[in-house]
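Coordinate inspection notes
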Amino acid sequence: MMDDPPDTPEDGDLFDRAEDAWRHGNWALALNLYLELLPRRLLPGRGTLASIDRVLLERIADLAVSFGHEGPADTLLRAAVASADQDRNFVAAGYYRLKRAHLALLRGVPVEARGLIASLEPHIGPLRRTPTRAEDLAPWERGCWPTASPPDRSLLLSRLYLVVGLWLSGRGLFGQAALLLDRGARHAVPPAPALACQALAALRLALARTLLEQGEFASCDGVLAHLAGLVDPERHPAHHVEWLELRGKLDLLRGEFGAALRTAEEVVALCRRGGFARAALAAVLNQAQILLFLNQTSAAADLVRWVDRAARAIGAETTAARGEFLSTLVRARAIHLGHPGTAPSVIELWRDRSPGRPGGAIAVGRPPELSAPPTYLALFEDRALELHWAMAAGDLAFAGAAFNNLRDSFQVGESSLTVSRLFLYGAMLALDRGHSLEAKRLLDLAIPSLDRLGLRPDLWQALRLRARCADLHDQPDRAALDLRLADHLLGRLTNSLSGAQRAIYGWNKWAEAEECFAREAALLAEEAADAPQADGPDRRAHHRRVQAFLDRLDETRRDVFRSQSGRDDGPRPASGPDSDPDPWRTPPDRAILSFLVLPEAVFAYRVCRGRLDAFTRPFPRPRLRGLVARWIECVSDDDDAQADALSEELSDDLGLSELLDGLPADVRRLTIVPDDSLHGFPFAALRHRGRYLAEDYALSVAFDRSRQPSSPPASGGGLLAVAVSGGLPPRANYPRGIPSLPGTIPEVLRTADWFRTRSVPVSVLVDGDATRPAVLSLWREAEFVHAACHGLFRPDQPDSSGLLLLPRDGDPEVLNLRDLSRVTFPHLRHVTLSNCWLADSFLLPGRLTVSLPESLCRSGAGSVLACLWPVHDEEGATFVHSFYDHADALPRDEAVAAARRDFLTLGPSRRRLLRHWAGFQLYGDHGPLLDNINKAEMIA
C-alpha cells in the first residue's frame, strides 16, 4: 500500500495497529493512533513528505471534525507547516496549508481558510485571478508550483481546487466553484498518484453540494449516482455520511419526506456505530428538524432535549446552541397562524412546560445566536429559521429585521433555490403585515421558479398563500384553482410517507377542504344572523345547509378513524334537500353545543328543541390554545384561583353567556362537541356567572355532530374488571420505573360487587392474569368494562397509547388504541377507564382527533368515562364509585354531574382542587347505565 514504510519498528507497529482499527471500523481508536504517530514523523530535517505521512494526514482530516478533534488536528498541521517551512520544502508546506484550509472550511471558519489560501499566492498567483472560464484553466495551472514534479503538482492541484472550490461555494459563487471542482477531479484520477486520487470523492461530493445549493438538482442527481460506488462506508465513513446527507437533503427539498427521514435515521445509526459522538449529535438534530417539518413536534422535542444534554456533557457548545435554537422553534411553531401545528395534548402541557410563570409552554423567548455553519445553504436556512420563529411568535418587528438581513445577504447570488425562497418568505411576511397585494406580487414571482425547481413543499405553501390573497380580494375562482393545485401537491407530499407519519403530516395541513370549511362557516354564520326567527321555508333551508356542512365535517373525522383502524365505523347519516331540517333530535331538557375552531375565529352551533342557532366569535386559534395551556398548567400546580380566572376569560371569548342564556330555563343537560384544544379542556370547569358549569348542568362529550349516541342492547356479557396493582423498578424501556397502584384491586373488587348486586355477571383479571390477549378476548364480548391500571398516552404515537399491563411472565404490555380500534364491540354499553391520561387526545387542526374514548365509541361502545390527567388512587376511586352509586337512579351524564357535585360540597380543602374532579369526562351515550333502572323516574 505504501511506497515507503515507517522509519522505525515502533512507528511500523503503531501504524499497523491504526490501519487494523481503521479496517475494522474502530475509527475512534484509529484516529487517536494516527494523532500519536504523525507528530513523531513531522520533525525538522526529514526532507520530502513521505506517502505514509500524507495518508496519515488524509485520515486525520477525514475524521477530525466527526470526532471533535479539530483543535488537535489543526495544531498538528500548524506544526507540520512550520517544520516544512524550516526545511524549505515548499511542496510539503503547500500541502499542509491546504489541509489546514480544508479543515477550517469544514469547521465553518472561511476567513481563516481565505488567509491560508492567500499565503500560497507566491506559488499560485493572486487569488482574485483564479479563472472563471474553462479555457483559462490550463494556462493558469502552468503557473502554479512550476518547479514541482508532475506527481506533486497533481497532488497539490487536486487539493487546491478542492479548497478554493469549497470557499467559492460558501460565498455563493456556484458557477466558478463548480468549474474548479470539476477540474480538480481531473487531477484525482489515474495516471495521477494514488494519494491525489484519494481526493476524488471529496471533490465530487463538494461538486454535488455546490450543484444542490445552486438549484441544479438534476446535475446533482447525476453526480451522486456516480459517487454511489466511490464512497465506501467501511473505508471512508465520513464521505459516506456526507453522501447520505446530500441525498437526504435533496429528497427533503423535493418533498420526498419518507426517503429523507429514512436517510436521516441511517446517518444517525452510522455515526453512532462508528463512535462519532459529535457527528451523531449533529445528525440527530438534522433528524429532529425533519420531524419538526413533518409536524411531529413531540418527537422532535424529545430528540432536541437529548442532544442538549449529550452535547453539554461532552462540551460540544456549538451543537448545544443549535439544539437550543431548534427547541425554541419547536415551542414557537405550534402557535403560528399560518403554520397551525399540532395542538398540544394535555400530557405535553402537564409534564413539559417552560419554568416560570403559567403559560410558559406558549410564551417563547428569542432563539440564541448561532455560529455560522460551513455552507451557503445552511447559513441561509439558519437565518430563515430565525424569520420563521419571529413570525410564529408574532414578533413582526423582529421578523422584518430578520427578513431584511436575509434579503441583503442572499438576494444577489447564483442560487435560484435561495432567490425563489426569498420571494416566498417576503410574501409570508407581507401577508402577516396585512399587505396582501405585495404578497401576491411576490408569490407570482416565486411560484414559477419553485415549480421549475421541483420544490414541492415550498410550492404548496406558495399556492396556499396566493389563494388566501385571492380570497382577500374577492377572487373566488383564482382561489379555488390555487387550492386545487395545492391539494394535489399535498397528496404527493403525504404519499411519500407511510402510516402514522402520513396522517400526522397530512391532517395537519390546510388542504383545500379546510379552506373551504373556513369560508363556508363564515357565510353560514352571516346567514344565521339574517335568518328569520320564526320557522318557515327560509329557516328550514338554512338548517339543511348547516346540517350538510356539519356532515362533511364529521366525514373528515371518520376518515381519521378509518385510516387508523383499517375499517369503517358504520353508515353515514343522510343529509340533503329531503333530510330532516332538525340536525339532531334532542330531548326537551338537553341542548347541544358544537364548536369549530379556525385560525381567526371560533364558530359555535347550538341545537335545542328543533332549533339551530349559529354564532361566531373573533377568537384567534393561538390565543385559544394559549388559554387552555395556561389553565392546564395552573391545575397541575393546584393554582385553582388562577385557573378560575383563566376559565372566566375563556368563557367570555367563547361567548358562553350568549350560548347558555338563550336556552329555556329547564334545559339542564348539555352535549358538548369540542374542537382543537377544547378536547383537552373539561367544560365542567368552565365558569359561567361565577359558578362552574358542573354546578348547573349535566355534561357529556360527543364526537359527531350528526349522530345521537346510543348504547347497544343488553347482551348478558357482563362486566370485565381489570386491575393492575404492581409496579416495576427502572429498566431500559421504562427508565423511571413503573410505580405500584395499591388502590386498584380494592377499587375493582368494589365495582365488581356493585354489578353483581344488580344481577350482572362479572369476570375479574388481576395483575399477572391481566395479559393483553386475555383482556382483549373478554373485552370483545363484554357489556361493561372497568379498568384500573396505569394509562399510557404518547402524543407523537397516539395509536400506541392505551392500558399498561404487567403479565406475570414477560415485559410490560400495552393494550393500545390500535388493538381496540380494529375490533367491533357489539355489546359494549359502557367503559370506565380509571387510568391516567386516557381521555387525552392527539389533536390536529381540521376537527381531527385521535383518542382512546373516540376509538372505543366508534368501535361500538355506548359510553366511556375517563380522565384527562393523573388522579390519586383514592380520589379516582371515590369519583368512579360515586358515579356508579348515582347511576342507580340517574342517567349517565347526571350521575357524573352528581359525582362532581359530591366533590364540590366536600368542604373548602377539596372544593378548590380541580385536579380531583374536573378531568373526568363522559363520552358518548348519556342515557341510563342499566336497563332495569326506572327510566320514568330518571326523566323526571
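Everything here concerns the structure above.
In short, a report on the structure. (Residues numbered from 1 in each chain as written. Predicted model: local features only at pLDDT ≥ 70, side-chain atom pairs only at ≥ 80, totals over all residues. Heavy atoms only, no water.)

1. Description of the packing of helix H29 (residues 621-636) against helix H30 (residues 640-654)
For any two helices packed against each other, one specifies the inter-axial angle together with the distance between the axes. The following threshold applies: Only C-alpha atoms enter the line fits that serve as axes; for helices the fit covers just the stretch in contact. Angles between N-to-C directions range over 0 to 180 degrees. Under the DSSP-based scheme used, a helix requires at least four consecutive residues in state H or I and a strand at least two consecutive residues in state E, with every element numbered from the N terminus. With respect to orientation, any angle under 35 degrees is reported as roughly parallel, any angle over 145 as roughly antiparallel, any angle of 65 to 115 as roughly perpendicular, and every other angle as oblique. The handedness criterion is simple: a crossing whose near helix is rotated anticlockwise from the far helix by less than a right angle is left-handed, and one whose near helix is rotated clockwise is right-handed. The criterion used for residue contact is that any of the two residues' heavy atoms lie within 4.5 Å. Basically, the charged four are Asp, Glu, Lys and Arg, the nonpolar ten are Ala, Val, Leu, Ile, Met, Phe, Trp, Tyr, Cys and Pro, and anything else, Gly included, counts as polar.
Two elements in contact, H29 and H30, have axes separated by 9 Å at closest approach and are oriented at 155°. As the angle between them shows, H29 and H30 are arranged roughly antiparallel. As H29 runs across H30, the sense of the crossing is left-handed. Here H29 contributes Arg-623, Leu-624, Leu-627, Val-628, Arg-630, Trp-631, Cys-634 and Val-635 to the contact with H30, which in turn contributes Gln-642, Ala-643, Leu-646, Ser-647, Glu-649, Leu-650, Asp-653 and Leu-654. Looking at side-chain class alone, the contact of H29 with H30 contains ten nonpolar, two polar and four charged residues.

2. Notes on the packing of aromatic side chains
Formally: Planes of paired rings set the category: under 30 degrees apart is stacked, over 60 is edge-to-face and the rest tilted, where pairs are Phe, Tyr or Trp rings (Trp by its six-membered ring) whose centres lie within 6.5 Å. We call a residue buried when its accessible area falls under 20% of the maximum for its residue type, exposed when it is over 50%, and partly exposed in between, using a 1.4 Å probe and counting protein chains only. By definition, being over a ring means that NZ of Lys or CZ of Arg is both within 6 Å of the ring centre and within 35 degrees of the ring normal.
For the structure shown, the criterion picks out 20 aromatic pairs. Ring centres 5.9 Å apart and planes at 55° place the aromatic pair Trp-140 and Tyr-161 in the tilted group. Within this pair, whereas Trp-140 is found in helix H8 (residues 137-142), its partner Tyr-161 is found in helix H9 (residues 150-170), the two being separated by 21 residues in sequence. Each member of the pair Trp-140 and Tyr-161 is classed as buried. For the pair Tyr-376 and Phe-410, a centre-to-centre distance of 5.1 Å together with 75° between the ring planes defines the contact as edge-to-face. Linking Tyr-376 in helix H20 (residues 376-393) with Phe-410 in helix H21 (residues 396-410), this pair joins segments that are 34 residues apart in sequence. With respect to burial, Tyr-376 and Phe-410 carry one shared label: buried. In this arrangement the basic side chain of Arg-668 is found over the ring face of Tyr-697, its NZ or CZ atom lying 5.0 Å from the centre.

3. Quick word on helix H4 (residues 70-86)
Rules: Helices are assigned an expected span. That span is 1.5 Å times one less than the residue count.
With 17 residues, H4 extends 24 Å from end C-alpha to end C-alpha; this agrees with the ideal 24 Å at 1.5 Å per step. Within H4, the full set of buried residues consists of Glu-70, Ala-73, Asp-74, Leu-76, Leu-77, Ala-80, Val-81, Ser-83 and Ala-84. At the exit of H4 stands Arg-88, carrying a positive phi of roughly 55°.

4. Quick notes on helix H33 (residues 772-781)
Rules: Arc definition: directions from the helix axis to the C-beta atoms.
Three or more residues of H33 are buried, namely Val-775, Leu-776 and Trp-779. Down the axis of H33, the smallest arc covering the buried residues is 95°, so these residues share one side.

5. Re the nonpolar core
Stated precisely, the cut-off is as follows: As used here, the term nonpolar core means buried Ala, Val, Leu, Ile, Met, Phe, Trp, Tyr and Cys residues forming a set that is joined through side-chain atoms within 4.5 Å.
Trp-145, Leu-160 and Tyr-425 are the most contacted members of the largest nonpolar core, which has 159 residues in total. Ignoring sequence-local partners within four residues, the contact set of Leu-160 consists of Leu-98, Ile-124, Trp-140, Cys-144, Trp-145 and Gly-165. The next biggest cluster of nonpolar side chains, apart from the first, holds 109 residues, and it includes Tyr-697, Ala-782, Phe-784 and Ala-895.

6. Considering the sheet that holds strand S13 (residues 813-816)
Quick note on the threshold: Pairing between two strands is assigned when DSSP locates at least 2 bridges connecting them.
Spatial strand order, S11-S12-S13: three strands in an open sheet with antiparallel pairing. Two strands close off the open sheet at either side, each with one partner strand: strand S11 (790-792) and S13. Averaged over all pairs of adjacent strands, the angle between strand axes in this sheet comes to 35°, irrespective of strand direction. Bridge analysis of strand S12 (residues 802-805) against S13 gives four bridges, and the strand direction is antiparallel. Each residue of the ladder has a partner; that of Leu-804, found in S13, is Val-814. Relative to S13, H33 is tilted by about 25°, and along the sheet it contacts S12 and S13.

7. A word on the pattern of salt bridges
Spelled out, the test is: For this document, the term salt bridge refers to a Lys or Arg side-chain nitrogen within 4 Å of an Asp or Glu carboxyl oxygen.
One pass over the structure, following the stated rule, counts 46 salt bridges. Across the salt bridge formed by Arg-915 and Asp-638, the nearest N and O atoms sit 2.9 Å from each other. Taken together, the positions of Arg-915 in helix H39 (residues 914-917) and Asp-638 in the loop between H29 and H30 put the pair 277 residues apart, joining distant regions of the chain. Judged by its relative accessible area of 38%, Asp-638 falls in the partly exposed class. Notably, a salt bridge pairs Arg-687 with Glu-648, separated by 3.7 Å at the nearest N-O pair. With a gap of 39 residues between them, Arg-687 in strand S5 (residues 687-688) and Glu-648 in helix H30 connect regions that are remote in the sequence. A cluster of three or more residues bridged by salt bridges with shared partners is formed by Asp-74, Arg-78, Arg-100, Arg-107 and Glu-112.

8. Observations regarding the pairing of strand S17 (residues 863-867)
Within S17, five of the five residues are buried, which leaves it mostly tucked inside the rest of the structure. As defined by bridge partners, strand S14 (residues 830-834) adjoins S17 across four bridges and the pair is classed as parallel. Its bridge partner being in S17, His-830 is matched across the sheet by Ser-863. The pairing of S17 with strand S18 (residues 920-924) spans five bridges and is antiparallel. Looking across to S18, one finds that Leu-865 is bridged to Leu-922.

Read these as layout, nothing more, since geometry by itself doesn't imply function.
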